[in-house]
Amino acid sequence: MSVMYLRGGVPLEGELAVHGAKNSVLPILAACLLARGPVKLTNCPRLTDVTVALGILRRLGCQAWQEGSTIWVDPSGAAGSAISEDQMRSMRSSIIFLGPLLARTGEAHLTYPGGCELGPRPIDLHLAAIRAMGCEVTEDRGIHCQGRPRGGEVQLALPSVGATENAMLCAVGGTGTTTIVNAAREPEIGDLQSFLNGLGASVRGAGSSTITVEGGRPLSGGEFHIMGDRIVAATLLSAGAAAGGRVRLRGVDWRHLATVLSVFHQAGCRVESRLEYVELERDRWVPLRGAPTIRTAPYPGFPTDAQAPVMAALAASQGCTLFVETMFDSRYRHVPELIRMGADITTEGRVALVRGVERLHGARVEASDLRGGGALAAAALGAEGTTVLSGLHHIDRGYEGLEEMLQRLGANVERREA
Ligand code: EPZ
């Protein structure tokens, strides 16, 4: 097991291109099941979750492999209709394979993805969407779906990202016209729509609350470039805010993290948003200010995935910041670790009050979820002394070489075997 040693007190200075988005490449890999020809994906991140998704595609009969940031999928041999329990448990978002699998084979058999570090992760909206397209869903020691999806109206009770994506993929592979109402508006859904339409699908409305799919169109193979990861960008900017200095990031659309940039601007950072890059600068001798209440919400609200990294940066600031986590039950598991570093944070249910302290100090801390791990790394770079961060398997799910990225920004970080 490896651990990360992070030495605080060194302002960051540098520029890098943000790698491809985990939450875009995962649904797009599932969508490859709908293609009738080979697919080539570029700007793909090298992450453990991507490795799991490639394993699922291979288990279903596809050829799928990654070389560097390029992935090739040849779905011509796909024949399976079941995803094993160990694969479902190793990555909760495997549920995204349900829709395309059902549309391709007329049946799909999966186990429950199970909860994760963020608390229960229900899939009722996914199953309701499948039912709304005329397919039979039974839940008997797992999830069993039968039937060929046909057009329908999918009313999502919540703008769920995964349920929106599952409904899109099921509808693209089915027949008739499907309307998805109260769809999630995250940018990754726009990427999925662009990918599908590039293969010959007819999907409209991604980014709005209503998405319309004309099914029954055969999908060819093709090539696609995955968008940059806005949450990785938010994490690196949080590290810059915590340590001070100047961080410039390319390959991500600043509009996709406008709420995060606004918080750091209000906390006293200089933020520059250009088409080609986004930049954050903070004088290390001028402390951050507390920010107005941060309430997580579906896009275009403040992203729940950026809550932990931004909190980590604001833990050392002048003033208080109130956080309200509206999306998940258990998304404050980084708080006790930040407190071990000297933070003054009180949580009550979904509310966290951060009373800024002058400076955090190094400590032995452990990541217990993906973005909480990124947050602890960001906090460590602004802290006094050295932090030893374990639980790196969580971080490796969503950050490709976090220590290398931080090193390229001038941080004193290294990963060693414990
Ligand atoms: C996606 O998860 C992301 N994962 C998450 O990122 C992200 O935190 C989340 O969207 C919210 O933005 C991927 O894209 C792979 P949801 P997803 O369905 O689709 C409830 C990360 O760090 N809900 O939008 O699972 C659910 O409990 C990960 O990269 C139901 O009630 O999220 C939650 O409260 C973590 N029933 C809310 O909706 C359902 O059937 C939003 O969840 C589905 C969801």
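Everything below is about the structure shown above.
The shown structure was predicted, so the numbers you read here are calculated from the model rather than taken from an experiment. Residue indices begin from 1 for each chain and proceed along its sequence in written order. In view of the model being predicted, local features appear only for residues whose pLDDT reaches at least 70, and side-chain atom pairs are presented and counted only at 80 or more, with totals across whole chains, interfaces and linings using the full set of residues. Note that the side-chain values use all heavy atoms of the structure and ignore hydrogens as well as water.

Enquirer: Would you mind going over the site of the ligand with me for this structure?
Expert: Among the 22 residues in the neighbourhood of the ligand, the closest are listed as Asp-124, Leu-125, Ser-160, Asp-305 and Met-327. The side chain of Lys-22 places a nitrogen or oxygen atom 2.9 Å from an oxygen atom of the ligand. Arg-92 is positioned with one of its side-chain polar atoms (N or O) 3.2 Å from an oxygen atom of the ligand. In terms of residue count, helix H5 (residues 124-132) provides more of the shell around the ligand than any other element does, three residues in total. Under this grouping Gly is polar, as are all residues other than the nonpolar Ala, Val, Leu, Ile, Met, Phe, Trp, Tyr, Cys and Pro and the charged Asp, Glu, Lys and Arg. Looking at the shell around the ligand residue by residue, the classes come out as nine nonpolar, six polar and seven charged. We call a residue near a molecule or strand whenever a single non-hydrogen atom of that residue lies within 4 Å of it. Whenever two N or O atoms come within 3.5 Å, that pair is a polar contact, provided that in protein one can donate a hydrogen and the other can accept it, and provided that, for residues adjacent in sequence, both atoms are side-chain atoms. Each helix is a run of DSSP H or I of at least 4 residues and each strand a run of E of at least 2, with the numbering of both proceeding from the N terminus.

Enquirer: What am I meant to see in the packing of aromatic side chains here?
Expert: The geometry of an aromatic ring pair is captured by two quantities: the separation of the ring centres and the angle between the planes. Stacked, tilted and edge-to-face pairs are distinguished by plane angle, under 30 degrees for stacked and over 60 for edge-to-face with tilted covering the rest, among Phe, Tyr and Trp rings (Trp via its six-membered ring) whose centres lie within 6.5 Å. The full count for this structure, using the stated rule, is two aromatic pairs. For the ring pair Trp-65 and Trp-72, a centre distance of 5.8 Å and an interplane angle of 15 degrees mean the geometry is stacked. Partly exposed residues are those whose accessible area sits between 20% and 50% of the maximum for their type, while under 20% is buried and over 50% is exposed, using a 1.4 Å probe and protein chains only. Among the residues examined, Trp-65 registers a relative accessible area of 35% and is labelled partly exposed. Judged by relative accessible area, Trp-72 falls into the partly exposed class, the value being 26%. Note on Phe-195 and Phe-224: the rings are 5.6 Å apart at their centroids and 75 degrees apart in plane angle, and the pair reads as edge-to-face. In this pair, Phe-195 is assigned in helix H7 (residues 187-198) and Phe-224 in strand S13 (residues 222-225), connecting sequence segments 29 residues apart. Phe-224 shares its class with Phe-195; the two are buried. We call a charge positioned above a ring when the Lys NZ or Arg CZ atom is no farther than 6 Å from the ring centre and deviates by at most 35 degrees from the ring normal. If you follow Arg-248 out to its NZ or CZ, it ends over the ring of Tyr-277, 3.7 Å from the centre. The cationic tip of Arg-371 hangs over the ring face of Tyr-399; the distance from NZ or CZ to the ring centre is 5.1 Å.

Enquirer: I'm lost on the pairing of strand S5 (residues 70-74) in this one. Help?
Expert: Regular strands place side chains that alternate from one sheet face to the opposite one. Any two strands are treated as partners once DSSP identifies two or more bridges connecting them. As judged from the three bridges shared by strand S3 (residues 39-42) and S5, these two strands associate in the antiparallel manner. Each residue of the ladder has a partner; that of Lys-40, found in S5, is Trp-72. Here strand S4 (residues 63-67) hands over to S5 after two residues, with Gly-68 in that stretch at a positive phi of 65 degrees.

Enquirer: I'm lost on the state of the cysteines in this one. Help?
Expert: Cysteine pairs can be covalently joined through their sulfur atoms, and such a bond is termed a disulfide. Disulfides are defined as cysteine sulfur pairs within 2.5 Å. One pass over the full model with this rule turns up zero disulfides. For the unlinked cysteine Cys-170, the closest cysteine sulfur is that of Cys-135, found at 5.1 Å. By relative accessible area, Cys-170 is classed as buried at 0%. Cysteine Cys-269 is unpaired, with the sulfur of Cys-320 as its nearest cysteine sulfur at 18 Å.

Enquirer: Just checking my understanding: could you explain the packing of helix H8 (residues 230-243) against helix H12 (residues 370-382) for this structure?
Expert: Any two packed helices are characterised by the angle at which their axes cross and by the distance between the axes. In the contact formed by H8 and H12, the axes pass within 7 Å of each other and the chain directions differ by 25 degrees. Viewed along their axes, H8 and H12 adopt a mutual orientation that is roughly parallel. H12 is crossed by H8, and the crossing has right-handed handedness. Facing H8, whose interface residues are Ile-231, Val-232, Thr-235, Ser-238, Ala-239, Ala-242 and Ala-243, H12 presents Arg-371, Gly-374, Ala-378, Leu-381 and Gly-382. Tallied by class, residues from the contact of H8 with H12 come to seven nonpolar, four polar and one charged. Between the N-to-C directions of two axes lies an angle of 0 to 180 degrees, each axis being a line fitted to C-alpha atoms and, for a helix, fitted only over the stretch in contact. In these notes the angle categories are as follows: under 35 degrees is roughly parallel, over 145 is roughly antiparallel, 65 to 115 is roughly perpendicular, and the rest is oblique. Rotating anticlockwise by less than a right angle from the far helix to the near helix defines a left-handed crossing, while the corresponding clockwise rotation defines a right-handed one. For this analysis, residues touch if any pair of their heavy atoms sits within 4.5 Å.

Enquirer: Explain the pairing of strand S10 (residues 177-181) to me, please; I cannot follow it from the model alone.
Expert: Burial along S10 is one-sided: Thr-178 and Ile-180 are buried, and none of Thr-177, Thr-179 and Val-181, which face the opposite way, are. When strand S9 (residues 152-155) meets S10, the two strands line up parallel, connected through four bridges. The partner of Glu-153 across the bridge, within S10, is Thr-179. Regarding the hand of the β-α-β motif, the stretch spanning S9, helix H6 (residues 161-173) and S10 is right-handed. In the sheet, S10 pairs with strand S12 (residues 210-214) via five bridges, with the strands oriented antiparallel. Across the sheet, Thr-178 pairs through a bridge with Val-213, a residue of S12. We call a crossover right-handed when, viewed with both strands directed away from the observer, the connection leading from the first strand over the helix to the second proceeds clockwise.

Any functional reading would require information beyond the geometric quantities listed.
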